[in-house]
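Results of the structural survey
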Amino acid sequence: MSNPSINREKWSVIRFDQMAECLTVRVEPSETTLERYVGLEHLDPETLKISRWGTPSDVIGEKLHFWPGDIIFGKRRAYQKKLAVADFEGICSAHAMVLRARPEIVLPEFLPFFMQSDMFFERALSISVGSLSPTINWGTLAKQEFPLPPLDEQRRIAEILWAADEVITKNLVTLQRIISLKDSLEEESFFRCRDSGQPTLLSEIAEVNPSSNFKCKDEELVSFITMADVSEDGEIINQQSKMYGEVKKGYTVFQDGDILFAKITPCMENGKGALALNLINGIGFGSTEFHVLRPIDSRDTAFIYFLTMNKKFRQQARRFMRGTAGQLRVPKDFLDEYVLDCLPKVTLREEMGRKLIEVNSSYLEQKRSIEKAKIVKAELLQKLLGGQ
């Protein structure tokens, strides 16, 4: 993509209600024949494509009618940057605005990118009212004035930014396919019975919170991993080094090949966990909010790791949490007593683990591609529409 340049000498200051109209056609979900409902939860920040939705039967209370080409803009908690362009007709949350470009002033293909710019969002945040759920009022937004390029410049900017957005959209579609494959593979591996499978306790194939006796000198280095060092995608994203003498007491201890499982809310529900590999001197210490699982047979490592990262497994763990609000934890006995209803033979578990590693690598690579594409688009937005 060529390096775009921008000349703001011909830009004009325009009120927002001259750029767009706000549609307020209200619909009762129980009475509409429309089939799709878009809530704020269905809008993904940093992409304009609507890739998921619900149905009117999912919701109650009056909603807003939108048509193809309209912009759905989350007016509540605008800092979340929820904004998308509809390519179908439906109803949406009343916590959104339905906006339609006035084409004599602003091109419909340009307006959504203008609204994604820092220039627009900083103003939107500044006029939001309320503390718990700050909300933008149309009457206030309508009066705001912004510098706007002429139509030919809008067209050029829109072409550049739509190309960048299309890269994100295509990557998101690919990611969703990988997620579906990953979910299907995990369901087959952990929850579907095979003829050779037998009911088995998780503690029969993995030690839970095993003891470790390391022969280390106090000045020797070991890995140190906090909860913040572990991602919700099951990766160790940062690895500190500490002297053994600093951490040998008061921390969770683990070694290469062990599996870390976040036991405290909300880290457990959010998917925090990791497979400990390439630890300094093969030894790690970390947060006391980790449970540690050590496969009895190393061929089970990937199988057990992906089981503990599985959403259904964590939903089951959630029901067994104990403690007070905000301090709920998964007890050790949940892991000790967790039953794999139909555990296949170890050779098959090893094969399943290899397949899961492959699809998970594709998943992580695709997520990284999306993040890179979002950075490119954000840089273009800043360059083209970043303000005076």
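Located above this text is the structure these notes cover.
Residues numbered from 1 in each chain as written. Predicted model: local features only at pLDDT ≥ 70, side-chain atom pairs only at ≥ 80, totals over all residues. Heavy atoms only, no water.

Quick word on the nonpolar core
Heads up, the rule is: Side-chain atoms within 4.5 Å link the members of a nonpolar core, which is a set of buried Ala, Val, Leu, Ile, Met, Phe, Trp, Tyr and Cys residues. Only protein chains enter the accessibility calculation, which uses a 1.4 Å probe; a residue whose area is less than 20% of its type maximum is buried, one above 50% is exposed, and one in between is partly exposed. What counts as a helix is a DSSP run of H or I of at least four residues, what counts as a strand is a run of E of at least two, and both are numbered from the N terminus. Between two residues, a contact is recorded if the distance between any of their heavy atoms is within 4.5 Å.
Ranked by size, the top nonpolar core spans 39 residues in total, and within it Phe16, Phe73, Phe114, Met115 and Phe120 carry the most contacts. Broken down by element, this core gets its largest block of residues, 5 residues, from helix H5 (residues 151-190). Beyond its immediate chain neighbours, meaning those up to four positions away, Phe114 contacts Phe16, Met19, Met119, Phe120, Phe146, Pro147, Leu148 and Leu385.

Overview of the packing of aromatic side chains
The condition that has to hold: Working definition: rings of Phe, Tyr and Trp (its six-membered ring) pair if their centres are within 6.5 Å, and the pair is stacked with planes under 30 degrees apart, edge-to-face with planes over 60 apart, and tilted otherwise. To sit over a ring, a charge needs its Lys NZ or Arg CZ within 6 Å of the ring centre and within 35 degrees of the ring normal.
Tallied over the entire structure, the rule returns 23 aromatic pairs. Seen in terms of ring centroids, Phe190 and Phe191 are 6.1 Å apart; in terms of plane orientation they differ by 80°. Their pairing is edge-to-face. Overall, the relative accessible area of 25% leaves Phe191 in the partly exposed class. A ring pair is formed by Phe313 and Tyr338, whose centres lie 4.7 Å apart and whose planes are at 65°; its orientation type is edge-to-face. In this pair, Phe313 sits in helix H9 (residues 311-319) while Tyr338 sits in the loop between helix H10 (332-337) and strand S20 (339-343), placing the two residues 25 residues apart along the sequence. By relative accessible area, which is 0% here, Phe313 ends up buried. An aromatic cluster is present here, built from Phe16, Phe73, Phe110, Phe114, Phe120, Phe121, Trp138 and Phe146 joined pairwise through their rings. The residue whose ring lies beneath Lys81 is Phe121, and the NZ or CZ to ring-centre distance is 5.4 Å. Positioned above the aromatic ring of Phe146, the side-chain terminus of Arg123 is 4.6 Å from the ring centre.

Digging into the sheet that holds strand S4 (residues 37-38)
Spelled out, the test is: In this scheme, strands are said to pair when DSSP sees at least two bridges between them.
On the basis of which strands lie adjacent, the open sheet formed by 4 strands has the order S3-S5-S8-S4 and mixed pairing. Here the strands that pair on one side only, and so sit at the sheet edges, are strand S3 (26-27) and S4. Alignment of strand S5 (residues 63-66) against strand S8 (residues 90-92), held across 3 bridges, turns out to be antiparallel. Counterpart to Phe66 in the pairing with S8 is Gly90.

Here's the deal with the side chain of Ser93
As a reminder of what qualifies: Nitrogen and oxygen atoms within 3.5 Å of one another constitute a polar contact, given that in protein one can donate a hydrogen and the other can accept it, and given that sequence-neighbouring residues count only through two side-chain atoms.
With respect to the helices, strands and loops of the structure, Ser93 is situated in the loop between S8 and strand S9 (96-101). In this structure Ser93 comes out as buried when scored by relative accessible area, which is 6%. For Ser93, the side chain forms a polar contact with the main-chain nitrogen of His95, separated by 2.9 Å. Contacts of Ser93, omitting those with residues within four sequence positions, involve Tyr37, Val38, Gly39, Leu40, Lys63 and Leu64.

Quick notes on the pairing of strand S6 (residues 71-74)
Alternating residues of S6 divide into Ile71 and Phe73 and Ile72 and Gly74, and every residue in both groups is buried. Relative to strand S7 (residues 83-85), S6 runs antiparallel, the two being bridged by 3 bridges. Paired with Ile71 across the two strands is Val85, which belongs to S7. Looking at chain direction, S6 and S9 are connected through 4 bridges and run antiparallel. Across the sheet, the residue bridging to Ile72 is Val98, located in S9.

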